[in-house]
6 protein chains.
Amino acid sequence: MKNIAVRKIARADAGVIDGLANCGVATVHEAQGRTGLLKPYMRPIYPGASIAGSAVTVLAHPGDNWMLHVAMELCEPGDILLVGLSADNTNGMFGDLLATSARARGVRGLVIDAGVRDVADLTAMQFPVWSRAVSAEGTVKATPGCVNVPVVCAGCLVNPGDVVVAGDDGVCIVPREMAARALEKSNTRVAQEEITRQRLAAGEAGLDIYNMREKLAAAGMEYVD
Amino acid sequence: MKNIAVRKIARADAGVIDGLANCGVATVHEAQGRTGLLKPYMRPIYPGASIAGSAVTVLAHPGDNWMLHVAMELCEPGDILLVGLSADNTNGMFGDLLATSARARGVRGLVIDAGVRDVADLTAMQFPVWSRAVSAEGTVKATPGCVNVPVVCAGCLVNPGDVVVAGDDGVCIVPREMAARALEKSNTRVAQEEITRQRLAAGEAGLDIYNMREKLAAAGMEYVD
Amino acid sequence: MKNIAVRKIARADAGVIDGLANCGVATVHEAQGRTGLLKPYMRPIYPGASIAGSAVTVLAHPGDNWMLHVAMELCEPGDILLVGLSADNTNGMFGDLLATSARARGVRGLVIDAGVRDVADLTAMQFPVWSRAVSAEGTVKATPGCVNVPVVCAGCLVNPGDVVVAGDDGVCIVPREMAARALEKSNTRVAQEEITRQRLAAGEAGLDIYNMREKLAAAGMEYVD
Amino acid sequence: MKNIAVRKIARADAGVIDGLANCGVATVHEAQGRTGLLKPYMRPIYPGASIAGSAVTVLAHPGDNWMLHVAMELCEPGDILLVGLSADNTNGMFGDLLATSARARGVRGLVIDAGVRDVADLTAMQFPVWSRAVSAEGTVKATPGCVNVPVVCAGCLVNPGDVVVAGDDGVCIVPREMAARALEKSNTRVAQEEITRQRLAAGEAGLDIYNMREKLAAAGMEYVD
Amino acid sequence: MKNIAVRKIARADAGVIDGLANCGVATVHEAQGRTGLLKPYMRPIYPGASIAGSAVTVLAHPGDNWMLHVAMELCEPGDILLVGLSADNTNGMFGDLLATSARARGVRGLVIDAGVRDVADLTAMQFPVWSRAVSAEGTVKATPGCVNVPVVCAGCLVNPGDVVVAGDDGVCIVPREMAARALEKSNTRVAQEEITRQRLAAGEAGLDIYNMREKLAAAGMEYVD
Amino acid sequence: MKNIAVRKIARADAGVIDGLANCGVATVHEAQGRTGLLKPYMRPIYPGASIAGSAVTVLAHPGDNWMLHVAMELCEPGDILLVGLSADNTNGMFGDLLATSARARGVRGLVIDAGVRDVADLTAMQFPVWSRAVSAEGTVKATPGCVNVPVVCAGCLVNPGDVVVAGDDGVCIVPREMAARALEKSNTRVAQEEITRQRLAAGEAGLDIYNMREKLAAAGMEYVD
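K.L.:
Whenever I open this one, the overall build of chain A confuses me. Can you help?
P.N.:
Looking only at helices and strands, one finds 8 helices and 12 strands in chain A. Principal axes of the C-alpha set define a box for chain A whose edges measure 65 × 40 × 35 Å. Considering chain A as a whole, with its 225 residues, one finds that 63% of them fall into the buried category. If you take every contact in chain A between residues at least 6 apart in sequence, the share linking residues at least 24 apart comes to 76%. Both charge centroids of chain A, one from 21 positive and one from 25 negative side chains, sit 6 Å from each other.

Take a look at the structure:
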C-alpha cells in the first residue's frame, strides 16, 4: 500500500448536499434504491444531529490517529471526515482538540469506524460524531495511512467527495455523481409520503392505500376468527 | 408453516393492564416469579417511556415488513405491536408512516426483535419503540408470515393478548390469564418496597433489614480487618 | 477461593480524588501512561455524570447480588462500588433500593461488570452507574463472594482503595499510591491542552503545532494533487 | 413460576424419528416450511454427528445445572436432552459424568443454550453435544427450574416430546404431532433433490432446471458484456 | 441500484494465481503491504483447504440466494464465487446442490459473507467454503442483485477478477492488476523467511536476527532481574 | 506505565505442573474453588492438545508484537507464553516463525488474547495455541510493553510464573504458590469422580448418588405425571 494524501477532490453541489440533509437518511437510502447504508453499529454520540457533507476519506490503522491530523488540513467548509480502519478497533481516535480544529475549518462532523472520546465536550460543542464505540483509549502517531482514497467504512465503500448523510437513523453514502438525481428522487418521495401520512393519520388502512389485499390472498394469507 | 392472521383475540382487563404499567418492568418481573423478560439487547429508542398493553403478535421474515401492515389493521386501542423474526435481522421494519397509522388506531407502542427507523420522528411523536437496532435499511413486502399466533421475541414466548410491560429497564411479558394475579402481587411488592426504602434511606443496613448476617456466617463468609 | 470481606482499606487523599474527577477520564488515562481503562462496553445509564471516588471492590457470581449488600455496609462517604463478576453476566444486580442505601451512606456511584435495573429511578435520583447492560432480570442471594479483594472488572485489575474516575467516556482506574502523581501530570496536561486548543481554534494546523511534517515525509507519506 | 418435573411425555414414532435423522437438518427444515431452526450460534462440539430423538426439555438458571440431574432420570432410550436458560449464560453445565449417565440411559445427545465441558472426553465417547459455548466454568445446584415444560432454546419454542434433529448444520425442532408429515415431505424432497443433483453434476444450469430466466428478466435483471 | 450481471471479466494469469495459492494468505497479505484481508469472522468449514482463484463477485440480499444461481452460469474453471450482502445475514445461502453445480463448472470454492449449509456434504466433497456462519436457514429467490460488480465482502472491497487467496488463516484479496507483482514479492518473502526459520530453529534470538536491541533501548525498554 | 522486562521469575515445581496437565482444565478449576478460568472465547487452534507450563507474561499493544520477541528470549523449557493486550484486538501476532523459535527454546504453547496466524503450519508442528481469533493481519514492532509483569488476559489476572493449564475446555490459571495444593485437591477429585463415573455407568441415578431428592423437595420441586 502506498501512503498518499490527495489534496484536491471533486465535491457535489452545495445546494444538493443541503437538500439531502433535509430529506434525511432513510428517505435518501430508499430514493437511491436501498443502497449506501453503513452498518447499524454506527451510532451518534448524542441524539438530534442531522447533517450532510462531502466525504474527506481517511484510511487509518488500529490505535493510530496520525492520518486524522493529515486529513484535517485538507478539509474545506462543509466537509465531513469519514474514517475507515485497516482492522477492527475501538480506540478513541478523535477528541475535543481535533474537534476544535475541525470546527475552525468548517467541518460539519465525523464518521469513524472506531472509537471517539471527550464526548461530553463534543456534545457541549454540538459537534456531531457517528462511531462504533465511545472510548478514552489513546492513540499513537506512528504508521502512515491514506487520505482521500476509496475506503471501506462500516461495510460500505466510500469515495472521496461522496455525500455523507447522517442522522439519528445512522449514516448513508450518496455517490457524488448521483447526488443530484438522488435529491430529486428523495424530494418526490417526501412529497408522496406526506400524502400517505395524511391518509394514515385519518385512519385509512395501509392495506388499502398500498393495494395489498389481493397480493396477500395470492400469497396464501388466510384470515381466521 | 401456514400463513394465518387471527382477527379476534382475548385481551386482559384494561384496568389491570394500566395497573401493571404503573408497577413497572422490574417489579412485575419479580412479582410473577422472575419470568417473562425479553433479552436485554431490546432497548428503547428514547428514555422515559413506560407503557403496558395487549400484544398483537407478528411473525415476520428478515427484511420484510409486510405482516406489520396486516397486523396494524387488527389492532385496537391499547394494543402493543410485538414482532418476532424467523431469523436474526436488523432491517428498519417500522418508521414514521407506520407509527402514524399506529397512533391513529390507538396503538401504544412497538416491541420488535429487529430494527426501527425514523427514530427522530418517532421521538418527536413520543411513540415508544423497543428494538434490537436502529437502522434505516429498508424492507420489501414479499413473504407472508403470521399475525396473532404464538411467537418467540428476543428469547421469550409471547401469545396474542398477553400483557406487554415496557420501560427503561426493558420489556416483560405477563401471560394474559395471569395478569390480575401478577398485578396483585406487584402491588404488594410495591408497598413492601416502600417500607424498605424508607429504612434504607434512614441509613439502616440491608444486612439487618433482610436478616442476612446469620446466613452469611453459615455460608462461610469471614470478616477481616 | 476463601470468602472474605475486608473491613478497612486505605484510600487516596480526598482532594486528590476530587482533582482527578475534574480532569476527566481521557486526561487521567493519558497522564498515567495510557493505562487503567475499563473496556468500552461499560456505559453510563445517563449522560453527563462525572465522578471520582475510592473503589470498594466486590467479587460477585452470575445472578447473585448478595455481596453488594455486604459491601454497602463497608462503604464510606466518597466511595464508589466496583463490582467484578466470576463469569459473564447481565442480570440486573442493583436497583433503586440499593441506590437508596448507597445515597444514605454517601456512595458516589456504581461501576458493575453486569446489569443494572430501575434506571429511570436512578436517573431521577441522579445516582450514576456504569454497567455492561440494563436488565430487569432479578438475582438471588445464595453464593458468597468477596469484598475488598483485588478484582478484574471489564478487563482491568482493580485493588480496593484505587481511585475510580468515571464519565461519559467510560471508566479509568488510578492505583491508589499513584493518585497524587497522576493528578499532577493530569493538571500539567490540562494546561498544555488549553494552549493547543486556542491555537487550533485560531485555525493553526495540527501538523504544524505538533511538528509532524518532517516525520510524515520520513515515513513515506506522499501528497498528490 | 412453579417448579415442576413432568414424568410422562408423549413421543413421536421411533421409526419416524430415525427417518428424520436420515434426512438431515436442512432438508427437514425446508420440508416443514422453513421453520424450527435454533439460532446458528448453536454448534456441535465435534463434526460428523447426525442424530434425532425426542426432546426431554429442561428450564435451567445461569450457573446452575441441578435440573439436568432431575431430567436425566426421566429420560428414556432415544431421547435428547434439550436445555433452555432463563438468562444468557455460558457456564459448562454438562461434562463427562453427566454424559456417562446419559449414555447409560440411552440418551442420544444434548442440546444446550449454555456451555459444555470435558469436550475431549465427550468426543472420545462420541457423545454429541450442540451448545453456545465450550467452558470449564463450574455450576452449583441451588435453584430449581422445570423439566418437560415448553422452553425457549436458542430462539425456538420446544415442547417436550418434540423431535430434535441435529447435525453439522445445527439443530431443527419438529413438533411431535407433525413428525410423520414432515418425514413424508422430507423423503419427497430428498428424492427430488437427487434428480436435480444429477442434472447439475452433468453441467446443466440451475437457471434452466428451475426455469428462472423469465422471472429474472421480469424482475429487471440485465446482462451486460 | 441497477440489477446487472456482467458476463465477461478479465482474470489474472493462471500461473500467477496458482503461485499465490502456494504462498498462502499471510504471506500474500504481508507482501502486498498488509492489505486485502477479509475480517477474521470469515472461517473455513473444514481445516486444511488452501486455494486461490478469480473472483466472480455477487451482491445478494438477506435471505435470498437468487444471484448465486445467476453467477454460477458465469463461472469458468478456476473461479471462486465471492458473495457480499446488502445487510448482515446468516441464512444458509449455499448447499450441496449449488456445490455440485460449482464442481461441475470447475469452481474452486466459495467465500460468502453470510451462512452456508450441508457442510457435512461439502466436507465429504472437499468443496471449500469460507463463511460467517453455518446455518440450515433456507432462502427465497425473489429480489435481484448483481453479478460481477464491485462488492464489499466482510469489510473488504473486491472487484470482479481480483484474485482470492483463502486458507486456514482466512481470506485475502489481491487486486487483479497487482497479482504478478504480489507473487514476486511473496516469493521473495518466502525465501527470506526460510533463512530466518532455520536461524530461529537453531536457537538464535529473534532480537538479534532482527537487530532489535538498540531500538528497544531507545524506546525506553528496561531489563530488570 | 514503565516498560520493563523482568528476566528472572519464580516457577512452580515441574512435577506439580505436569501433574496439573494430567488432571485437565475443568478438574483443576473445580479443585481450586471454581476460579482461574479465562473467558470461553479463548479457543484452541486444533483439538486434542492438553498442556501445562509456567506463564511468561506479556503486555502488548493492539497490532504490535514487539514484546513477543522480547519475551521469547526470557523463556525456559516448560514455559507457556501468555499475552494480554492493552485493548481489544484480533491481529495475528504470532505465526510459524515465532513458533519455530518457541519450539527451539522448549516453550510448550501460547495463550494470547488476540489473533494468531499460520495455523496450518502450527497444527502441522503440533504447537498448541489458545487465542480469541485466527487472523493473518500483520503487526508492527513500534510500541514497547512489558514482560513478566502481572497482566489481565481474557478477564483473568495472571502473574509471571503462575501455572497455565490449557486444553479443549479452555485455559485455567493456578497461582504459583497454590500449585501443589491445587494438584493435591485435583488428584483427590479425579479419584472421587472415577468412583462416581462407575456408579453412573452402571445406571445409578445422580439424584441418589448426590443425595438430592430431599433437597429438591425442600426447594419446592414437584413431580407431575
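K.L.:
So what exactly am I meant to see when it comes to the relation of the copies chain A and chain C here?
P.N.:
The operation relating the two chain copies consists of a rotation about an axis and a shift along that axis. Of the transformation placing chain A onto chain C, the axial shift is 0.0 Å and the rotation is 120°, giving an RMSD of 0.0 Å. The transformation relating the two chain copies, once decomposed into turn and shift, fits a three-fold axis.

K.L.:
Is there a simple way to explain the interface of chain F and chain E in this structure?
P.N.:
How big an interface is tends to be reported as the loss of accessible area on association of its parts. Each partner contributes residues to the interface: chain F has 35 residues there, and chain E has 33 residues. Contact between chain F and chain E buries roughly 2,900 Å² in total, counting both sides, with carbon and sulfur atoms accounting for 59%. The interface formed by chain F and chain E holds 5 salt bridges in total. Between Asp-96 of chain F and Arg-197 of chain E there is a salt bridge, with its nearest N and O atoms 2.6 Å apart. Joining chain F to chain E, the criterion identifies 13 residue pairs in polar contact (both at pLDDT 80 or more). Put simply, the parts of the chain that give the side of chain F that touches chain E at least two residues each are strand 1 (4-6), helix 3 (66-73), helix 4 (96-104) and helix 5 (119-125) of chain F. Taken together, the residues of the side of chain F that touches chain E sort by class into 16 nonpolar, 9 polar and 10 charged.

K.L.:
Just checking my understanding: could you explain the arrangement of the chains for this structure?
P.N.:
Contact between chain C and chain E is absent, and the least distance between their C-alpha atoms amounts to 13 Å. Left apart from each other, chain B and chain F have a closest C-alpha approach of 13 Å.

K.L.:
Hey, could you run me through unusual backbone geometry in this one?
P.N.:
Excluding glycine, most residues fall at negative phi; most peptide bonds, likewise, are trans. For Asn-148 of chain A, which is not glycine, the phi dihedral falls at a positive 60°. Topologically, Asn-148 of chain A is positioned in the loop between strand 7 (146-147) and strand 8 (151-153). Unlike most non-glycine residues, Ala-154 of chain F shows phi in positive territory, near 50°. Locating Ala-154 of chain F in the fold gives a position in the loop between strand 8 (151-153) and strand 9 (156-158). Note on Ala-154 of chain F: relative accessible area 1%, which makes it buried.

K.L.:
Sorry if this is basic, but what is going on with the packing of helix 6 (residues 179-201) of chain D against helix 4 (residues 96-104) of chain E here?
P.N.:
Angle between the axes and distance between the axes: these two values describe a pair of packed helices. At a minimum axis distance of 8 Å, the contact between helix 6 of chain D and helix 4 of chain E shows a crossing angle of 20°. Taken together, helix 6 of chain D and helix 4 of chain E sit at an angle that is classed as roughly parallel. For the pair helix 6 of chain D and helix 4 of chain E, the sense of crossing is right-handed. Of the residues in helix 4 of chain E, those in contact with Glu-193, Thr-196, Arg-197, Leu-200 and Ala-201 of chain D of helix 6 of chain D are Asp-96, Leu-97, Thr-100, Ser-101 and Ala-104 of chain E. Residues that form the contact of helix 6 of chain D with helix 4 of chain E fall into these classes: 4 nonpolar, 3 polar and 3 charged.

K.L.:
Help me understand the pairing of strand 11 (residues 170-174) of chain D, please; the structure alone is not making it clear to me.
P.N.:
Remember that side chains alternate between the two faces of the sheet whenever the strand is regular. Residues and elements named next belong to chain D. Extensive coverage of strand 11 is indicated by the burial of 5 of its 5 residues. Of the two faces of strand 11, the one holding Gly-170, Cys-172 and Val-174 and the one holding Val-171 and Ile-173 are both buried throughout. Relative to strand 11, strand 10 (residues 163-167) runs antiparallel, the two being bridged by 5 bridges. Bridged to Gly-167 within strand 11 is Gly-170. The antiparallel pairing of strand 10 with strand 11 creates a hairpin that spans 2 residues between the two strands.

K.L.:
Just checking my understanding: could you explain the interface of chain A and chain C for this structure?
P.N.:
Across the boundary between the two partners, chain A contributes 35 residues, which contact 32 residues of chain C. A buried area of about 2,900 Å², summed over both sides, lies between chain A and chain C, and 59% of it is on carbon and sulfur atoms. Counting the contacts that link chain A with chain C gives 4 salt bridges. Of the charged contacts in the structure, one is a salt bridge between Asp-225 of chain C and Arg-7 of chain A, with a shortest N-O distance of 3.3 Å. Counting across the chain A and chain C interface gives 13 residue pairs in polar contact (both at pLDDT 80 or more). Contributing elements (two or more residues each) for the side of chain A that touches chain C: strand 1 (4-6), helix 3 (66-73), helix 4 (96-105) and helix 5 (119-125) of chain A. The dominant element in the side of chain A that touches chain C, judged by the number of residues it contributes, is helix 4 of chain A, at 6 residues. For the side of chain A that touches chain C, the per-class residue count stands at 16 nonpolar, 9 polar and 10 charged.

K.L.:
Any chance you could explain the packing of aromatic side chains here in plain terms?
P.N.:
For any pair of aromatic rings, geometry is given as the distance between the ring centres together with the angle between the planes. All names here are of chain A. A complete count under the given rule lists 6 aromatic pairs over all chains for this structure. Between the aromatic rings of Phe-94 and Phe-127, the centroid separation amounts to 5.7 Å while the plane-to-plane angle is 20°, which identifies the pairing as stacked. Residue Phe-94 is found in the loop between strand 4 (79-85) and helix 4, and its partner Phe-127 is found in the loop between helix 5 and strand 6 (129-134); the two are separated by 33 residues along the sequence. Note on accessibility: Phe-94 and Phe-127 belong to one class, buried. Positioned above the aromatic ring of Tyr-41, the side-chain terminus of Arg-132 is 4.3 Å from the ring centre.

K.L.:
What am I meant to see in the side chain of Arg-105 of chain B here?
P.N.:
By secondary structure assignment, the location of Arg-105 of chain B is in helix 4 (residues 96-105). Look at Arg-105 of chain B: it is buried, it has no salt bridge, and the nearest opposite charge is Glu-73 of chain B at 5.9 Å. Other than its neighbours up to four places away in sequence, Arg-105 of chain B contacts Gly-203, Glu-204 and Ala-205 of chain A together with Met-72, Glu-73, Glu-76 and Pro-77 of chain B.

K.L.:
Explain the environment of Arg-34 of chain C to me, please; I cannot follow it from the model alone.
P.N.:
One can find Arg-34 of chain C in the loop between helix 2 (25-31) and strand 2 (43-44). Overall, Arg-34 of chain C belongs to the partly exposed group, its relative accessible area being 32%. In contact with Arg-34 of chain C, other than residues within four places in its own chain, are Gly-138, Thr-139 and Val-140 of chain A together with His-29 of chain C.

K.L.:
Even after reading the chapter, I still don't get helix 4 of chain B, so can you show me in this structure?
P.N.:
Counting along an α-helix, one turn takes 3.6 residues, and residues three or four places apart therefore face a common direction. The buried fraction of helix 4 of chain B amounts to 8 of the 10 residues, a majority that puts the element mostly inside the structure. Within the span of helix 4 of chain B, buried status applies to Asp-96, Leu-97, Leu-98, Ala-99, Thr-100, Ser-101, Ala-102 and Arg-105 of chain B. Buried residues along helix 4 of chain B sit against helix 6 (179-201) of chain A together with helix 3 (66-73) and helix 5 (119-125) of chain B.

K.L.:
Can you walk me through helix 6 (residues 179-201) of chain B in this structure?
P.N.:
Taking 1.5 Å of rise per residue, 23 residues should cover 33 Å, and helix 6 of chain B covers 32 Å from first to last C-alpha, within 8% of that figure. Burial in helix 6 of chain B covers these residues: Ala-179, Ala-182, Leu-183, Ser-186, Glu-193, Thr-196 and Leu-200 of chain B.

K.L.:
What should I look at first to understand the pattern of salt bridges in this one?
P.N.:
If charged atoms from side chains of opposite charge come close, those side chains can pair. One pass over the full model with this rule turns up 103 salt bridges over all chains. Glu-194 of chain E is paired through a salt bridge with Arg-197 of chain E; the nearest N and O atoms lie 2.6 Å apart. Taken together, the positions of Glu-194 of chain E and Arg-197 of chain E, both in helix 6 (residues 179-201) and 3 residues apart, correspond to about one turn of that helix. When its relative accessible area of 34% is taken as the criterion, Glu-194 of chain E is described as partly exposed. For Arg-213 of chain E, the salt bridge is made with Glu-73 of chain F, and the minimal N-O distance between the two is 2.4 Å. Residue Arg-213 of chain E is found in helix 8 (residues 213-218), and its partner Glu-73 of chain F is found in helix 3; the two belong to separate chains. By relative accessible area, which is 27% here, Glu-73 of chain F ends up partly exposed. Taken together, the shared-partner salt bridges connect Glu-30, Arg-34, Arg-189 and Glu-193 of chain A together with Arg-117 of chain B into one network.

K.L.:
Got a minute to help me understand the packing of helix 3 (residues 66-73) of chain E against helix 4 of chain E in this structure?
P.N.:
Residues and elements named next belong to chain E. In contact at an axis separation of 10 Å, helix 3 and helix 4 are set at 15° when each is read in the N-to-C sense. Classified by the angle between their axes, helix 3 and helix 4 sit roughly parallel to one another. Crossing of helix 3 against helix 4: the hand is left-handed. Of helix 4, the residues touching helix 3 (which contributes Leu-68, His-69 and Met-72) are Leu-98, Ser-101 and Ala-102. Along the lines of polarity and charge, the residues of the contact of helix 3 with helix 4 split into 4 nonpolar, 2 polar and no charged.

Parameters at a glance
Residues numbered from 1 in each chain as written. Chains lettered and ligands numbered in written order. Predicted model: local features only at pLDDT ≥ 70, side-chain atom pairs only at ≥ 80, totals over all residues. Heavy atoms only, no water. Helix = DSSP H or I, 4+ residues; strand = E, 2+ residues; numbered from the N terminus. Buried < 20%, exposed > 50% of the residue type's maximum accessible area, 1.4 Å probe, protein only. Contact = heavy atoms within 4.5 Å. Lys, Arg positive; Asp, Glu negative; His and termini not counted. Charge placed at Lys NZ, Arg CZ, Asp CG, Glu CD. Least-squares fit on C-alpha atoms with pLDDT ≥ 70 in both. Buried area = accessible area lost by both parts, 1.4 Å probe. Salt bridge = Lys/Arg side-chain N within 4 Å of Asp/Glu carboxyl O. Polar contact = N/O pair within 3.5 Å; in protein donor to acceptor, adjacent residues only side chain to side chain. Nonpolar A, V, L, I, M, F, W, Y, C, P; charged D, E, K, R; others polar. Axes fitted to C-alpha atoms, helices over the stretch in contact; angles between N-to-C directions. Parallel < 35°, antiparallel > 145°, perpendicular 65-115°, else oblique. Left-handed = near helix turned anticlockwise from the far one by under 90°. Pairing = 2+ DSSP bridges. Phe/Tyr/Trp six-rings, centres within 6.5 Å; stacked < 30°, edge-to-face > 60°. Lys NZ or Arg CZ within 6 Å of the ring centre and 35° of its normal. Expected span 1.5 Å × (residues − 1).

Read these as layout, nothing more, since geometry by itself doesn't imply function.
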